[in-house]
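Observations on the three-dimensional arrangement
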Amino acid sequence: LIVDELSCVEDDFNGLMDKVTTIPALDTPQGRDESDNLEIFRTKIPGFKFKPKDHIELARDLDIIDFERGVKVAGFRGYYLKKEGAQLAMALMMFTFNKMVQKGFQPMIPPTLVKGFALHGSGYFKDWDYNPELDEIYRVEASSHQEHNKYLVGTAEPSLLAYYYDEVLKEEDLPIRLAGFSQCYRREIGSYGKDTKGLYRVHEFMKVEQVVISKADLEESDKLQQQMVEITKEIHEDLGLPYRVLRICMGDLGTGKYKQFDYEAWLPGSNRWAETGSASNFLDWQARRLKIRYVDKNGEKKFVYLLNNTALPTPRPLIAILENYQTKKGTVMVPKVLRKYMGGMKEIK
């Protein structure tokens, strides 16, 4: 009976703690929503001497993405990358993955089908448990009562963070830098009617994600976050993509986040900015859920600080390359850094 009462109290406590957010950084911009996010960096937007096509028209003309058969086979927002389109997507991933290794990140290919604690611990469940009305995660039902339901991740972040679930690390081993490549799945339940055509908003894609585990030091975690931001800026510049960096305002900052930066690439054919990723510092908000601690030099156990950053996903950078590298004759030049991953190909005809 006492054990049952304790379990109920713990459930109530955990439910309340789930609603407690992190106090944002003092220099976080004031604002109500994404329209108040602060642009802190922007590269020059190049002009075109002809009217640029959007990626849907380019993909159709070059026969490198098949949206019609994708919908037929996979349903709404389905697509097939094919021919040079498939090569270009894989080249993006290989280039980015190798870049992360060069920057000192440990490469990993983590599981994409995970238990619920990984998604709760990283904050991807809006509540204590899965809520089909709120959560963007796909659930895979257990085939028997002896199994647990599992979930398809929307990024490698939950799997990478859960790698050290309920473990105590050593301070001298921190920071730990991980880079995960994964397939990603998102229900996009909050985007009904938005970006219904093309690659801009899809249910399935690939991504390279960065995760850093640091000691509980605010100054150090700030520096580590800036290092991740600089790596992603470097990736955009290596690819020759016009882009900008935003500092996320108070009203657009997700629960648990201390500080966040977003990246957006310019799409000339669509005449818009497109989010290509974000860098977030959660301090110990995720670590408390995942019970990841370390022993400091005084022998005291503390929760680690957890940070994550999108190195690069496939869909929107792929759109940006097609639209920014298109030529007047309707071909697409391949960025120089990707050519070695495409057998030396210089142009998609």
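So, here's what we can say about the structure. Every chain begins its residue count from 1, and numbering advances along the sequence as written. For this predicted model, a pLDDT threshold of at least 70 governs which residues receive local features, and a threshold of 80 or more governs which side-chain atom pairs are given and counted, while totals over whole chains, interfaces and linings are taken from all residues. Where side-chain values are given, they derive from all heavy atoms of the structure, hydrogens and water being excluded.

Observations concerning the packing of helix H4 (residues 84-102) against helix H9 (residues 315-324)
Angles here are taken between N-to-C directions and fall from 0 to 180 degrees, while the axes themselves are lines fitted to C-alpha atoms, restricted in helices to the stretch in contact. A run of H or I in DSSP becomes a helix once it reaches four residues, and a run of E becomes a strand once it reaches two; helices and strands are each numbered from the N terminus. Remark: H4 packs on H9, axes separated minimally by 10 Å, with the N-to-C direction vectors making an angle of 115°. Once H4 is placed against H9, the crossing between them reads as right-handed. Each of Leu 88, Ala 89 and Leu 92 in H4 lies in contact with H9, whose residues at this interface are Pro 317, Leu 318, Ile 321 and Leu 322. Think of it as three bins: nonpolar holds Ala, Val, Leu, Ile, Met, Phe, Trp, Tyr, Cys and Pro, charged holds Asp, Glu, Lys and Arg, and polar takes everything else, Gly as well. The class makeup of the residues in the contact of H4 with H9 is 7 nonpolar, no polar and no charged. For any pair of crossing helices, the crossing counts as left-handed if the nearer helix is rotated counterclockwise from the farther one by less than a right angle, and right-handed if it is rotated clockwise. The criterion used for residue contact is that any of the two residues' heavy atoms lie within 4.5 Å.

Things to note about the environment of Lys 83
You can see Lys 83 is positioned in the loop between strand E3 (80-81) and H4. Exposure classes here rest on a 1.4 Å probe applied to the protein chains alone. A residue is buried below 20% of its type maximum, exposed above 50%, and partly exposed in between. With relative accessibility at 49%, the residue Lys 83 sits in the partly exposed group.

A closer look at the sheet that holds strand E15 (residues 301-303)
A strand pair is defined by DSSP finding two or more bridges across the two strands. Taken together, 3 strands build an open sheet; the order of strands is E8-E14-E15 and the sheet is mixed. Each having just a single partner strand, strand E8 (168-170) and E15 make up the two edges of the open sheet. Adjacent strand axes in the sheet meet at a mean angle of 40° when their direction is disregarded. Of the strand pairs in this sheet, E8 and strand E14 (residues 293-295) are connected by 3 bridges, and their pairing is parallel. Bridged to Leu 169 within E14 is Tyr 294.

Quick look at helix H3 (residues 67-74)
Counting of polar contacts relies on pairs of N or O atoms within 3.5 Å, with two restrictions inside protein: one atom must be capable of donating a hydrogen and the other of accepting it, and residues adjacent in sequence are counted only when both atoms are side-chain atoms. If you check the start of H3, you find a side-chain oxygen 3.2 Å away from the backbone N of Glu 68, and it comes from Asp 66. Two residues or fewer after H3 comes Gly 75, characterised by a positive phi angle close to 95°.

Description of a nonpolar patch on the surface
Judged by side-chain polarity, Phe 13, Met 17 and Val 20 come together as a nonpolar surface patch covering roughly 280 Å² of accessible area. Examined against the element boundaries, Phe 13 turns out to sit in helix H1 (residues 2-18). The patch calculation keeps residues exceeding 30% relative accessible area without a salt bridge and links them within 9 Å when they carry like charges or within 5 Å when they are nonpolar (Val, Leu, Ile, Met, Phe, Trp, Tyr). Using a 1.4 Å probe, accessible areas were evaluated by the Shrake-Rupley method; residue-level cover was limited to the displayed protein chains. A carboxyl oxygen of Asp or Glu within 4 Å of a side-chain nitrogen of Lys or Arg is what we treat as a salt bridge.

Quick word on the pattern of salt bridges
As enumerated under the stated definition, the model contains 24 salt bridges in all. With a shortest N-O distance of 3.2 Å, Lys 259 and Asp 222 are connected by a salt bridge. Taken together, the positions of Lys 259 in strand E12 (residues 259-267) and Asp 222 in helix H7 (residues 218-238) put the pair 37 residues apart, joining distant regions of the chain. If you follow the salt bridges from partner to partner, you end up with Glu 39, Arg 42, Arg 244 and Glu 264 in one network.

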